[in-house]
Amino acid sequence: LHSFPTRRSSDLPEVKYSVSTYHQLSLNNPTASVQRGVVLAGPQFLLPLEVSARFGPIRVDAEAGYWFTNRNVPQSWIRGAIVGHEFTPRTETYFEIYDQQDANRVGGAHKQRQATLGLGGRHALNKSNSLLLLFMGGRSFQKVVSGNSQPGWIAYVGLQLLLGPNR
């Protein structure tokens, strides 16, 4: 009989995963912001489901959700995925693809859809990794909006404060 070396479980990369949701309620202040096109008529409620997995230094997240809105704003589906790498315990970079598409038509208008690609990341600003700088920039690669077929650019910079036990 020949014996073949077996792979120990400690030799395999550790895989961690989680499933979560993060409900969002958007209420608008009663000013002329809706008429100026700054915000959509509220209220709106997002109900997403997110799945995350970590394979060593690689992280993969996927989400899908539904925006429940009022009669003046089309309800819509969202879908997205990110793949990232942790360069250090304090710095991560991500590639993102995101899509939002109307689920219904309001007032006979065409359904709208926008899909974007982005590159971003997070960097801890303190030693306890509880204050993070978030950043992202990207561009739409598919945009179906009545009267406007130009690509849209997106970007954000923000701060994230993590409270509670260390992750």
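Just above, that's the structure.
On a predicted model such as this, the values are computed, not experimentally measured, just so you know.

A. Representation of the overall build of the chain in the model. Scanning the chain for helices and strands turns up zero helices and nine strands. The helix and strand sequence of the chain, counted from the amino end, reads β-β-β-β-β-β-β-β-β. A separation of at least 24 residues holds for 45% of the contacts in the chain among residues at least 6 apart in sequence. Put simply, the chain shows about 11,900 Å² of open surface, and 60% of that area lies on carbon and sulfur atoms.

B. Region of interest: the environment of Asp99. Mapped onto the secondary structure, Asp99 falls in strand β6 (residues 91–102). Dropping the residues within four chain positions of it, Asp99 is found in contact with Trp77, Ile78, Arg79, Arg113, Gln114 and Ala115. Looking at Asp99, its side chain comes within polar contact range of the side chain of Arg79, at 2.7 Å. Only 2.9 Å separates the side chain of Asp99 from the side chain of Arg113, close enough to count as a polar contact.

C. Region of interest: the packing of aromatic side chains. Taken as a whole, this structure holds two aromatic pairs when the rule is applied. An angle of 65° between the planes, with centres 4.8 Å apart, marks the rings of Tyr66 and Phe68 as edge-to-face. Given the relative accessible area of 37%, Phe68 is considered partly exposed. With a centroid separation of 4.7 Å and an interplanar angle of 70°, the aromatic rings of Tyr66 and Trp77 are classed as edge-to-face. Linking Tyr66 in strand β4 (residues 58–68) with Trp77 in strand β5 (residues 76–88), this pair joins segments that are eleven residues apart in sequence. Cluster of aromatic residues (ring-pair linked, three or more members): Tyr66, Phe68 and Trp77.

D. Quick peek at the pattern of salt bridges. On inspection of all chains with the given rule, the structure shows five salt bridges. One salt bridge connects Arg59 with Asp61, and the closest N-O pair in it is separated by 3.3 Å. Considered together, Arg59 and Asp61 belong to a single accessibility category, that of buried residues. With a shortest N-O distance of 2.9 Å, Asp99 and Arg113 are connected by a salt bridge.

E. Examining a nonpolar patch on the surface more closely. On the surface, Leu25, Leu27, Phe45, Leu47 and Phe68 cluster together into a nonpolar patch covering about 480 Å² of accessible area. Within the secondary structure, Leu25 is located in strand β2 (residues 24–26).

What counts, and where the lines are drawn
- Residues numbered from 1 in each chain as written.
- Predicted model: local features only at pLDDT ≥ 70, side-chain atom pairs only at ≥ 80, totals over all residues.
- Heavy atoms only, no water.
- Helix = DSSP H or I, 4+ residues; strand = E, 2+ residues; numbered from the N terminus.
- Contact = heavy atoms within 4.5 Å.
- Areas by Shrake-Rupley, 256 points an atom, 1.4 Å probe, with all protein chains shown as cover.
- Polar contact = N/O pair within 3.5 Å; in protein donor to acceptor, adjacent residues only side chain to side chain.
- Phe/Tyr/Trp six-rings, centres within 6.5 Å; stacked < 30°, edge-to-face > 60°.
- Buried < 20%, exposed > 50% of the residue type's maximum accessible area, 1.4 Å probe, protein only.
- Salt bridge = Lys/Arg side-chain N within 4 Å of Asp/Glu carboxyl O.
- Patch = residues over 30% accessible without salt bridge, like charges linked within 9 Å, V, L, I, M, F, W, Y side chains within 5 Å.

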